[in-house]
Amino acid sequence: MKRIFLSLAFAVALCSCARNPQPEIIPMPSKVRMGSGHYELASAYTVACQDSSLLALEDFINMNLASAGQADMLVGTDADITFAIDPSCQDGGYVLSVTRKGISVKAASYPAAVAAVATLGQSVDGNSVPYMKIQDSPRFEWRGFMLDVSRHFFTKEEVKKIIAKMAQYKFNKFHWHLTDDQGWRVEIKAYPELTLRGGFRDPLTHNHDIDLAGRVEKNNDLTSVLPADRLIQKDGKTLYGGYYTQDDIREVVAFAASLGIDVIPEVDMPGHSLKIIESFPHLCCKGTASWGKDFSVPLCPGNDQTLEFAKTVYSEIFELFPYDYVHLGADEVEKSHWIACPKCQARKAEYSLADESDLQDWFVKELENFFLENGKTMIGWDEIAAKSSLSGSAVVEWWRSWSPATKKNAAENGNKIILCPNEYYYMDVDQNRNSLMKVYRYEPIDEILKPFEDQVLGSHGNLWTEWVASFEAAGHRYFPRMFAISELNWSDPSSRDEAGFLSRVITHLRKLDAEGWNYRMPDLDGIYDQNVFIDSAVVSVTKAFDEIVVRYTVDGTVPTIDSQVYTEPIVIDSDCTFKFRQFTSTGIGGETAVAVFKSVDYAEPVQVDGLEPGLLVRWFNGTYTMCDEIPQEGWDEEYVSPVMGYPVQPKNDIGLVVEGYLEIPQDGIWSFYAYTDDGAIMSVAGQEVVLNDGLHSRSEKTGQAALRKGFHPISMKYFDQGGGILEAGFILEDGTRVPFKPEQLWHKK
Ligand SMILES: [Zn+2]
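Residues numbered from 1 in each chain as written. Predicted model: local features only at pLDDT ≥ 70, side-chain atom pairs only at ≥ 80, totals over all residues. Heavy atoms only, no water.

Another point: the overall build of the chain. Per the secondary structure count, the chain includes 18 helices and 39 strands. Against the globule reference of 27 Å for 749 residues, the chain gives a C-alpha radius of gyration of 29 Å, in line with a compact fold. A principal-axis box enclosing the C-alpha atoms of the chain has dimensions of 95 × 80 × 60 Å. Of all 749 residues assigned to the chain, the portion counted as buried reaches 55%. Here the contacts in the chain between residues at least 6 apart in sequence split such that 72% fall between residues at least 24 apart. Of the roughly 31,900 Å² of accessible surface on the chain, 51% is carried by carbon and sulfur atoms. Here the chain carries 70 positive and 107 negative side-chain charges, and the mean point of each set is 4 Å from the other. (Helix = DSSP H or I, 4+ residues; strand = E, 2+ residues; numbered from the N terminus. Rg over C-alpha atoms; globule rule 2.2 N^0.38 Å. Buried < 20%, exposed > 50% of the residue type's maximum accessible area, 1.4 Å probe, protein only. Contact = heavy atoms within 4.5 Å. Areas by Shrake-Rupley, 256 points an atom, 1.4 Å probe, with all protein chains shown as cover. Lys, Arg positive; Asp, Glu negative; His and termini not counted. Charge placed at Lys NZ, Arg CZ, Asp CG, Glu CD.)

Written as structure tokens, this is what we have:
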């Protein structure tokens, strides 16, 4: 009897000691040990720091602990939450302990204390923080985000909101792309024309603004409306734009510093300089602002006045930004005008430069030396590493995914490198069901960089804004991909866990929604691009979480905020095309999903003798833009493949025609996907089930077919112009994508 009593007591004790679940933190911390029980912050909770250097944390603490109330931060050691600098913490890292005695943060530095506050903010629930100990430090010292404010202007208040969000996800470098062909946004006292004239444009004649107006009209995309506070009246015209005064810049830099974030300015030269040339036409070779074959006409490096102008501008930039690094840009330079320019040719002769690429390098080096004389380190886009003549002091920002050679050049030359391959880190790229995990699965340190890992500073998400007109549009591009980049930069790669990450993403999207941010809503489940049914269908869509509102139309129009709300499954018995669109809880509309529903009969299987394993593949060397351009005859190679996949060998543009039979195990409506780059059309039983045609980046299309048990003809037309992705298979009821298995694929000799 006594023994039983003891066991029960032991069991009760065990229950009450169950460890707290781990908070859903992004980025995943290095080490988390959960306790049992919680520390409750009273409404008048107190915060203290060891010395006054940490007092600037106060606003960020209040922002992150808003659910627990607001507190004044004092110097001292006796408080609910205490902060101290502890040099024994790992570089950039911190230790956060929550015990019965209170919450203690020990951090290696001020920015590390900011990171600890971000973790604490993601751990608090109401006023309650779980007992735990987190020891955390970053993978990379450079965790950056770039915002292009030239193509579209963002106010300083918006920029500050973005910077604060960066801090919550442990980014520490804000790369501010301040100038480009489409707008000059930083006041330069020596040249007021740059902003007074170059900060504004006529949106009715500007190609990006015209495109965006079309999206507003066609897609009801209200995030593409130019914000009214960026429109001015001048000389009887409505102009669009804006700029930052030097005081604005100082305000943003100070704000970022309070969040442990360095601001890295980019003033792009010698290319991307139309806004300079419009006000100072004598600084380009032919004296007029225009476009060349590939890019805008650049500055003239043969002209001494160009150097003088550049150095004057940069002198003011150096004063405004108190950090080591300044970005020269130096990307995408159109050199054709330099060839015919006497000044450029004289410069080449003066320095025995072999060609115009050398002339570009000369310009970059001139400025690099000027940077160094002023105590600054130059960053440039990877075009500066095209040749081995690059100086070792410059930092190379590798962006051209398709040009690993420049990354290698820079590494072998000893340069420090920041990674932002456009394929993964460009936030302006359109999103789809697969885009988040594509970023999450990327490993920044590849085989090329492994021997040079010490030279990699970190990585960098970039938002170019040609087609991003508003703060809401920026939110849609940032989230959720910013979460993936946050983890790539901070967390140990061994901690990657796709299911766990996706679950945390949902928690964080819900927080963003509650804060009124826009974000890309996860794709709806339960519908395909092409759906089929026998007799009748139940149209049932599933959203990722409750706050999202789904609206739909069946009359072909794009759903708006006034369209019918989807609340329950809809039964149909005739052909119908639904347009579904998700809205955030604050009413911002996302993309529209079109789902075609067709009434069909079962396709009967075919009887074929002598089937052999695998699919028959015909390969065409050629460049195609649509699947029907792939010829019927005259293939370059023919082979049998056990899978529906991209061939291993090709390096050039190809077309493929794949044919065979798919074995279907039982009668049913089967769902299919094809995830491709570029175009693909897949047919089953003579019907086109997946239409993913045309040139595009990696994307998925889906469809269905009603098939009886047995063998059905299957075909895939596919072409590629770089990218090289071909995957296809079944979609299971729970939404899982399963590539066709070799034992399901057959062909006839
Ligand atoms: Zn010239």
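Anyway, onward from the coordinates.
Bringing a positive patch on the surface into the picture now. On the surface, R19, R33, K106 and K133 cluster together into a positively charged patch. Inspection of the secondary structure assignment puts K106 in strand β6 (residues 102-107). For K106, a relative accessible area of 38% translates into the label partly exposed. (Patch = residues over 30% accessible without salt bridge, like charges linked within 9 Å, V, L, I, M, F, W, Y side chains within 5 Å. Salt bridge = Lys/Arg side-chain N within 4 Å of Asp/Glu carboxyl O.)

For helix α3 (residues 110-123), which comprises 14 residues, the first-to-last C-alpha distance of 20 Å matches the rise-based estimate of 20 Å (1.5 Å per residue) to within 8%. Of all the 14 residues making up α3, 13 are buried; the element is thus mostly covered by neighbouring parts of the structure. (Expected span 1.5 Å × (residues − 1).)

Splitting the chain by domain gives domain 1 (19-136), domain 2 (142-199 + 242-514), domain 3 (530-599) and domain 4 (611-748). Taking only C-alpha atoms into account, the centre of domain 2 sits 40 Å from that of domain 3. Each partner contributes residues to the interface: domain 2 has seven residues there, and domain 3 has seven residues. Taken together, both faces of the contact between domain 2 and domain 3 bury some 660 Å²; the carbon and sulfur share is 54%. One salt bridge connects R510 with E547, and the closest N-O pair in it is separated by 3.1 Å. One can count three residue pairs in polar contact (both at pLDDT 80 or more) joining domain 2 with domain 3. Of all the secondary structure elements, the ones that give two or more residues to the side of domain 2 that touches domain 3 are α16 (471-478) and α18 (498-514). Taken together, the residues of the side of domain 2 that touches domain 3 break down into two nonpolar, two polar and three charged. (Domains from an automatic or database assignment. Buried area = accessible area lost by both parts, 1.4 Å probe. Polar contact = N/O pair within 3.5 Å; in protein donor to acceptor, adjacent residues only side chain to side chain. Nonpolar A, V, L, I, M, F, W, Y, C, P; charged D, E, K, R; others polar.)

Applying the stated rule across the entire model yields 42 aromatic pairs. The interplanar angle of 85° and the centroid separation of 6.4 Å between the aromatic rings of W176 and F321 together place this pair among those described as edge-to-face. Of this pair, W176 sits in strand β9 (residues 173-177) while F321 sits in the loop between α9 (304-320) and β16 (325-329), and the two are 145 residues apart along the sequence. By relative accessible area, which is 1% here, F321 ends up buried. Taking the centre distance of 5.6 Å and the plane angle of 50° together, the rings of F280 and F309 count as tilted. Of this pair, F280 sits in the loop between α8 (274-279) and α9 while F309 is found in helix α9, placing the two residues 29 residues apart along the sequence. Take F280: its relative accessible area is 11%, and that puts it in the buried class. Taking relative accessible area as the criterion, F309 reaches 2% and is therefore assigned buried. Through a chain of ring-to-ring contacts, the aromatic side chains of F145, Y169, F171, F471, Y478, F479, F483 and W517 assemble into a single cluster. Taking NZ or CZ as reference, K160 lies 5.4 Å from the ring centre of F255, over its face. (Phe/Tyr/Trp six-rings, centres within 6.5 Å; stacked < 30°, edge-to-face > 60°. Lys NZ or Arg CZ within 6 Å of the ring centre and 35° of its normal.)

According to the stated counting rule, one finds three cavities of 30 Å³ or more in the structure shown. Roughly 130 Å³ of internal volume is contained in the largest cavity. E423, V429, D430, S435 and K438 are, among the 16 residues lining the largest cavity, the residues nearest its centre. Elements with a minimum of two residues in the lining of the largest cavity: α14 (422-425) and α15 (435-440). (1 Å grid on protein atoms, 1.4 Å probe; cavity = no way out; pocket = protein on both sides within 12 Å on 5 of 7 lines; lining within 4 Å. Points joined across faces, edges and corners; volume = space filled by probe spheres on them.)

On to the sheet that holds β6. Strand order in this open sheet of seven strands is β1-β7-β5-β6-β4-β2-β3, and the pairing throughout is mixed. Among the strands making up the open sheet, the edge pair consists of β1 (31-40) and β3 (73-75). Taken pair by pair, the neighbouring strands of this sheet meet at an average axis angle of 20°, ignoring direction. Relative to β6, strand β4 (residues 81-85) is paired through five bridges, and the arrangement is parallel. Counterpart to I85 in the pairing with β6 is A107. (Pairing = 2+ DSSP bridges. Axes fitted to C-alpha atoms, helices over the stretch in contact; angles between N-to-C directions.)

Bringing the coordination of the zinc ion into the picture now. Within the protein, C285 (SG), C300 (SG), C341 (SG) and C344 (SG) serve as the donor atoms for the zinc ion, at 2.2 to 2.4 Å. Metal-centred angles of 106 to 115° between the four donor atoms at the zinc ion mark the site as tetrahedral. The motif formed by the donor residues of the zinc ion, counted along the single chain, is C-x14-C-x40-C-x2-C. Taken together, the positions of C285 in the loop between α8 and α9 and C341 in the loop between α10 (336-339) and α11 (342-350) put the pair 56 residues apart, joining distant regions of the chain. (Donors = N, O, S within 2.8 Å, 3.2 Å for Na, K, Ca; no water. Tetrahedral: all angles 85-135°; square planar, octahedral: opposite > 155°, others 65-115°.)

Looking at where R230 falls in the secondary structure, it is placed in the loop between α6 (207-219) and β13 (231-234). Its relative accessible area of 4% is what places R230 among the buried residues. In this structure the side chain of R230 is engaged in a polar contact, spanning 3.1 Å, whose partner is the backbone oxygen of F153. Those residues in contact with R230 that lie beyond four places of it in its chain are F153, F154, T155, E158, L239, Y240 and G241.

A volume near 1,600 Å³ is recorded for the largest pocket. The wall of the largest pocket is formed by 45 residues, among which Q431, N432, R520, E591 and T592 lie closest to the centre. Of all elements in the fold, only α6, α16, β26 (576-583), β27 (589-599), β34 (687-692) and β35 (699-707) reach the threshold of two or more residues within the lining of the largest pocket. At six residues, β27 tops the list of elements feeding residues into the lining of the largest pocket. Counted as a void, the second largest pocket has a volume near 1,000 Å³.

All right, on to the packing of helix α17 (residues 481-490) against α18 then. Across the interface, α17 lies against α18 with an axial gap of 10 Å and an inter-helix angle of 125°. It follows from the interaxial angle that α17 and α18 lie oblique. Crossing hand, α17 versus α18: right-handed. From α17, F483, A484 and E487 reach across to α18, where they touch F501, R504, V505, H508, L509 and L512. When the residues that make up the contact of α17 with α18 are grouped by side-chain class, the tally is six nonpolar, one polar and two charged. (Parallel < 35°, antiparallel > 145°, perpendicular 65-115°, else oblique. Left-handed = near helix turned anticlockwise from the far one by under 90°.)

Here the focus is the side chain of D268. By secondary structure assignment, the location of D268 is in strand β15 (residues 262-269). With no salt bridge to any partner, buried D268 finds its closest opposite charge in R151, at an N-O distance of 6.7 Å. Polar side-chain contacts of D268 include one of 3.0 Å to the backbone nitrogen of A330. Look past the residues within four positions of D268 in its chain and what remains in contact with it is H177, T179, D180, S273, L328, G329, A330 and D331.

Read across the open sheet, the three strands follow the order β12-β14-β13; overall the sheet is antiparallel. Lying at the two open borders of the sheet, with one neighbouring strand each, are β12 (200-201) and β13. Bridge count for β12 against strand β14 (residues 237-241) is two bridges, and the pairing is antiparallel. Paired with F200 across the strands is G241, a residue of β14.

Let us now look at the nonpolar core. With 174 residues, the main nonpolar core has L57, F83, W176, M269, V313, Y314 and F580 as its most contacted residues. It is α3 that contributes the most residues to this core, nine residues altogether. Once residues lying within four places of it in the same chain are set aside, the contact partners of Y314 are V267, M269, V326, H327, L328, L367, F370 and F371. (Core = buried A, V, L, I, M, F, W, Y, C linked by side-chain atoms within 4.5 Å.)

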